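Descriptive structure summary
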Amino acid sequence: MSKPGSEARPPAADGLVCRECGASNDAGSSECWLCNGRSLASAAAGSSPRPRGFFSSISGWMVAIAGLAVCMGLYALAPGMLFLAAISVLPAIAAVEVKAARRRRLGLPMSAAERVVIFVLITVVTPVLVVGAAVIALIAYCSMTGPVNFH
Ligand SMILES: [Zn+2]
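Here is what the cut-offs are and how they apply
- Residues numbered from 1 in each chain as written.
- Predicted model: local features only at pLDDT ≥ 70, side-chain atom pairs only at ≥ 80, totals over all residues.
- UniProt positions renumbered as here; feature names shortened; annotations may be inferred.
- Helix = DSSP H or I, 4+ residues; strand = E, 2+ residues; numbered from the N terminus.
- Axes fitted to C-alpha atoms, helices over the stretch in contact; angles between N-to-C directions.
- Parallel < 35°, antiparallel > 145°, perpendicular 65-115°, else oblique.
- Left-handed = near helix turned anticlockwise from the far one by under 90°.
- Contact = placed C-beta atoms within 7 Å.
- Nonpolar A, V, L, I, M, F, W, Y, C, P; charged D, E, K, R; others polar.

What to know about the UniProt feature "transmembrane region" (unreviewed entry) in the chain
Residues given the UniProt feature "transmembrane region" (unreviewed entry) here are residues 54–75, 81–98 and 118–141. Across residues 118–141 one finds 100% helix and 0% strand; the C-alpha atoms that close the span lie 34 Å apart.

Focus on the packing of helix 1 (residues 58–77) against helix 3 (residues 112–144)
Following both chains from N to C, one finds helix 1 and helix 3 inclined at 30°, their axes separated by 9 Å at the closest point. Comparing their axes, helix 3 and helix 1 come out roughly parallel. Note that helix 1 runs across helix 3; the crossing there is right-handed. Within the contact between the two elements, helix 1 uses Ile58, Ser59 and Val63 and helix 3 uses Ala112, Arg115, Val116 and Phe119. For the contact of helix 1 with helix 3, the per-class residue count stands at five nonpolar, one polar and one charged.

Dropping the structure here:
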């Protein structure tokens, strides 16, 4: 009836969490794989270890690498597009981080898929809004300065 040699082992208590960036490290690590920080704490110790940094999650790295690739591609095609990409990617990263932090505080951590969806939405919507605002400003400017011949 009784289990032979039952070892009471706490589940997932042998991992280490970096105090610098919040990345998860393997047990026995002396340095963080992500930031090379040496202050690793046991994942089981203390209250819930909260990963804080954007790059502590795989989705953060995926988005960063994808963003970098897009920026490099845009720069090769048209350097002007890089500026547009920068003004849309940077607020997108910030907005995703703010939303993720808010969700963590509520005890509902955001999934990687959700983060990517929000990031892509903001990245697409921001340039559309910026271009739309620029067009409206141009139209307003032209109507103020009098009739201009467009041919
Ligand atoms: Zn670290």
